[in-house]
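What follows is the residue order along each chain.
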2 protein chains.
Amino acid sequence: MKSRTFISSLIFGLVLAILLIGIKSLEYTYFSYKIGLDVYIGIIALAFLIIGVYFGATYSRRKEAKFLIKLREESKRSGFTEPTIDFDAVNGSDLSKRELEVLREIAMGYTNKEIGEKLFVSENTVKTHLNNIYMKLEVNRRTQAISRARELNIIT
Amino acid sequence: MKSRTFISSLIFGLVLAILLIGIKSLEYTYFSYKIGLDVYIGIIALAFLIIGVYFGATYSRRKEAKFLIKLREESKRSGFTEPTIDFDAVNGSDLSKRELEVLREIAMGYTNKEIGEKLFVSENTVKTHLNNIYMKLEVNRRTQAISRARELNIIT
DNA sequence: CTAAAAATCATACTTTCGGGTGATGCATAC
DNA sequence: GTATGCATCACCCGAAAGTATGATTTTTAG
């Protein structure tokens, strides 16, 4: 951070110097009269304002992008934001143990076939469980089941 | 836009004038000697650089968040405690406005056809949006997209 | 003004889901 | 001992979802 400040100062001074030299040379080359101090300062101010706007914009944009990338990496690293079953909230919902397991799997985005393989049952069995889940939660799609289970705090 | 330029010029001149007056009065009040022109200009330049950075940052941020602010207001007005888009997490992300809307709808458990009717587009369009979402979130099913979006805190 | 990104729609094809129905074995509760 | 709930599996069919490709229009950014 210290070297960064140093570099910034350096660039700042450099730009300022170049501007001054530039204006001076323009003054001597193209104008017979001297440029007033107010115009002088105005040009400097305007130039730095523009530079500031540019860097402010790019920096802020980069900052946001970094934030997002970081977020993404974090959630990748943590790996499993596995939906967990809230067994307290489950009390009273008629869902059986196996149904809860299937529910968690669909919330993780697995297909019926994949769930079957994970739970060592056939795809048909998974479907049966699913249909029972749908009845009990009064829905008719897996996405609705997930949504409903979250509403009921069964899944968190 | 014309009046905006005018106002900008006005503010620019005003700030410049205030700075000049401020420095001058400081010079007369606290210093017996005259401040060198280089220091003078340096202060001006620095001041405008800072102002520029500030406005550049806020302007760019506002620009990026434009449609998101609108969406946020809409979802606040609608009042539902349904899955909401976290507009801070999503800021500057790959997902477009329409894609976010579709994402929210699938998280609520609607079918493609229903989403099309709600958003006044064809089912095919919804499918296209969905495929783009899948690519951007690196998934290949709607349930995975929901899960992933929750991981990324896009949906809460 | 122009290039890029976003939004729109379509067609055709495959895979996955959902709904209905039925069946078997196994606990356990009454 | 049988009714009930649970877990398991099968088959069928239509609906929904996903894949691939291409095209047009609108919007936005540089």
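Keep in mind it's a predicted model, so treat the numbers as computed, not measured.

1. A few points about the protein's contact with DNA strand C
- Inspection of the region around DNA strand C gives 18 residues, with Y134 and R142 of chain A together with S96, S122 and N124 of chain B positioned closest.
- Of all atoms in DNA strand C that approach within 4 Å of the protein, 66% are sugar or phosphate atoms.
- A distance of 2.7 Å is found between a phosphate oxygen of DNA strand C and a backbone nitrogen or oxygen belonging to R142 of chain A.
- For the surface near DNA strand C, the secondary-structure elements that each account for two or more residues are α6 (123-137) of chain A together with α5 (97-107) and α7 (123-137) of chain B.
- Its residues placed into classes, the surface near DNA strand C shows three nonpolar, ten polar and five charged.

2. Considerations on the protein's contact with DNA strand D
- Around DNA strand D sit 20 residues, and of these S96 and S122 of chain A together with K127, Y134 and R142 of chain B come closest.
- Looking at DNA strand D alone, sugar and phosphate atoms form 63% of those within 4 Å of the protein.
- N124 of chain A has a polar side-chain atom sitting 3.5 Å from a phosphate oxygen of DNA strand D.
- Residue assignment for the surface near DNA strand D shows that the elements contributing at least two residues are α4 (97-107) and α6 of chain A together with α7 of chain B.
- Per-element tally for the surface near DNA strand D: the top contributor is α6 of chain A, with six residues.

3. A look at the pattern of salt bridges
All names here are of chain B.
- Evaluated as defined, the whole model comprises ten salt bridges over all chains.
- For E99, the salt bridge identified is with K136, shortest N-O distance 2.9 Å. Of this pair, E99 sits in helix α5 while K136 sits in helix α7, and the two are 37 residues apart along the sequence.
- With a relative accessible area of 31%, K136 lands in the partly exposed category.
- The salt bridge partner of R148 is E151, with a shortest N-O separation of 2.7 Å.

4. As for the confidence of the model for chain A
- Confidence in the prediction of chain A, expressed as mean pLDDT, is 73, and 56% of residues score 70 or more.
- Scored below 50 in pLDDT, residues 61-80 of chain A makes 24 contacts in the model with residues more than four places away or belonging to other chains.

5. Digging into the packing of helix α6 (residues 112-119) of chain B against α7 of chain B
Residues and elements named next belong to chain B.
- It is at 8 Å that the axes of α6 and α7 come closest, and there the two elements cross at 105 degrees. Between α6 and α7, the interaxial angle falls into the category roughly perpendicular. Residue-level inspection shows N112, K113, I115 and G116 of α6 in contact with α7, the latter providing E123, V126, K127 and L130.
- Of the residues belonging to the contact of α6 with α7, the class tally is three nonpolar, two polar and three charged.

6. Regarding unusual backbone geometry
- If you check the backbone angles, E138 of chain A has positive phi at about 55 degrees while not being a glycine.
- Within the fold, E138 of chain A resides in the loop between α6 and α7 (142-151).
- The phi torsion at F120 of chain B lies on the positive side, around 60 degrees, for a residue other than glycine.
- With respect to the helices, strands and loops of the structure, F120 of chain B is situated in the loop between α6 and α7.

7. Overview of α5 of chain B
- Taking burial as the measure, the eleven residues of α5 of chain B include nine buried ones, the bulk of the element.
- Looking only at α5 of chain B, the buried set comprises E99, L100, E101, V102, L103, R104, E105, I106 and A107 of chain B.

Reading the values: rules and limits
Residues numbered from 1 in each chain as written. Chains lettered and ligands numbered in written order. Predicted model: local features only at pLDDT ≥ 70, side-chain atom pairs only at ≥ 80, totals over all residues. Heavy atoms only, no water. Near = heavy atom within 4 Å. Polar contact = N/O pair within 3.5 Å; in protein donor to acceptor, adjacent residues only side chain to side chain. Helix = DSSP H or I, 4+ residues; strand = E, 2+ residues; numbered from the N terminus. Nonpolar A, V, L, I, M, F, W, Y, C, P; charged D, E, K, R; others polar. Salt bridge = Lys/Arg side-chain N within 4 Å of Asp/Glu carboxyl O. Buried < 20%, exposed > 50% of the residue type's maximum accessible area, 1.4 Å probe, protein only. pLDDT = per-residue confidence, 0-100. Contact = heavy atoms within 4.5 Å. Axes fitted to C-alpha atoms, helices over the stretch in contact; angles between N-to-C directions. Parallel < 35°, antiparallel > 145°, perpendicular 65-115°, else oblique.

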